[in-house]
Amino acid sequence: MSEKRSYPRHVTTEAGEIEFRLMSRSDEQAVLDFARALPVHDLLFLPRNISEPKVLSAWIAEIERGAITSLIAVRNARVVGCGTLVRDPHSWSPHVGEIRMVVSKEVRGQGVGRALSQETFALALSAGLDKLTVQMTVDQRAAIALFESLGFRAEGLLRDQVRDVEGKKHDIVVFGHDVARFQAQLEAYGVPSAVE
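Let me begin by describing the structure that accompanies this report. Given the structure is predicted, the values throughout are model-derived calculations rather than measurements.

## What about the pairing of strand β8 (residues 169-178)?
Item 1. Of all 10 residues in β8, eight are buried, a share of seventy percent or more.
Item 2. Sheet topology note: the strand β6 (residues 131-137)/β8 ladder contains seven bridges and is antiparallel. Considered in β8, the bridge of V134 is made with F175.
Item 3. With seven bridges connecting them, strand β7 (residues 153-163) and β8 associate as antiparallel partners. Within the sheet, the bridge partner assigned to V162 lies in β8 and is H170.
Item 4. Linking β7 to β8, which pair antiparallel, is a turn of five residues; within it G167 sits at a positive phi near 90°.

Structural data, given as structure tokens:
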């Protein structure tokens, strides 16, 4: 599956209509406002603190360079979620992508996270990746359940991997998904475009 996905896309959730669109430099302030409204604990699984302007600016530079693809979820002209696909074609793992996702507390439990994760997963399928990974703190139970429902399975635990602003250490769990096997199963059942 290598066809390019097109945006914007609209989905209806319990939180109302959500627009998914590719993040660009023009979204920088809106994404910064979104990130700053998130509890710090929700950002611990990310490699850097996206509520810092210089980190966000570097993130957008990576999007412009083509190393990262980020979708934002917008409701009523406000960013309420972000799903990112990170891949490095020059690494030893060019076939692997990492999904990073954060959703505003105001829309959690209303289908926005599920729709965003499915859209990010579909983006990964269209990129032709063989494997996906996702990381989160072990206490993010709703996120763990969501990714397990998409077929991700725990592959590793990184003890004391991140430290919050108060100095407390947290474990990170790493989940993986064999995209190639999933795609083969879809094709075997005659539904290769099930995620469109």
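We are not done yet, so read on.
## Some details on helix α3 (residues 112-126)
Item 1. Taking 1.5 Å per residue, 15 residues should reach 21 Å; α3 reaches 21 Å between its end C-alpha atoms and fits that length.
Item 2. The buried count for α3 comes to 13 of 15 residues, which makes it a mostly enclosed element.
Item 3. Just beyond α3, the residue with positive phi is G128, at close to 75°.

## Notes on the packing of α3 against helix α4 (residues 141-149)
Two numbers describe a pair of packed helices, the interaxial angle and the distance between the axes.
Item 1. Contact pair α3 / α4: the axes reach a minimum separation of 11 Å and the direction vectors enclose 45°. Between α3 and α4, the crossing angle belongs to the class labelled oblique. Handedness of the α3/α4 crossing: right-handed. Contacts between α3 and α4 involve G113, R114 and S117 from the first element and L146, F147 and S149 from the second.

Parameters and conventions
Residues numbered from 1 in each chain as written. Predicted model: local features only at pLDDT ≥ 70, side-chain atom pairs only at ≥ 80, totals over all residues. Heavy atoms only, no water. Buried < 20%, exposed > 50% of the residue type's maximum accessible area, 1.4 Å probe, protein only. Helix = DSSP H or I, 4+ residues; strand = E, 2+ residues; numbered from the N terminus. Pairing = 2+ DSSP bridges. Expected span 1.5 Å × (residues − 1). Axes fitted to C-alpha atoms, helices over the stretch in contact; angles between N-to-C directions. Parallel < 35°, antiparallel > 145°, perpendicular 65-115°, else oblique. Left-handed = near helix turned anticlockwise from the far one by under 90°. Contact = heavy atoms within 4.5 Å.

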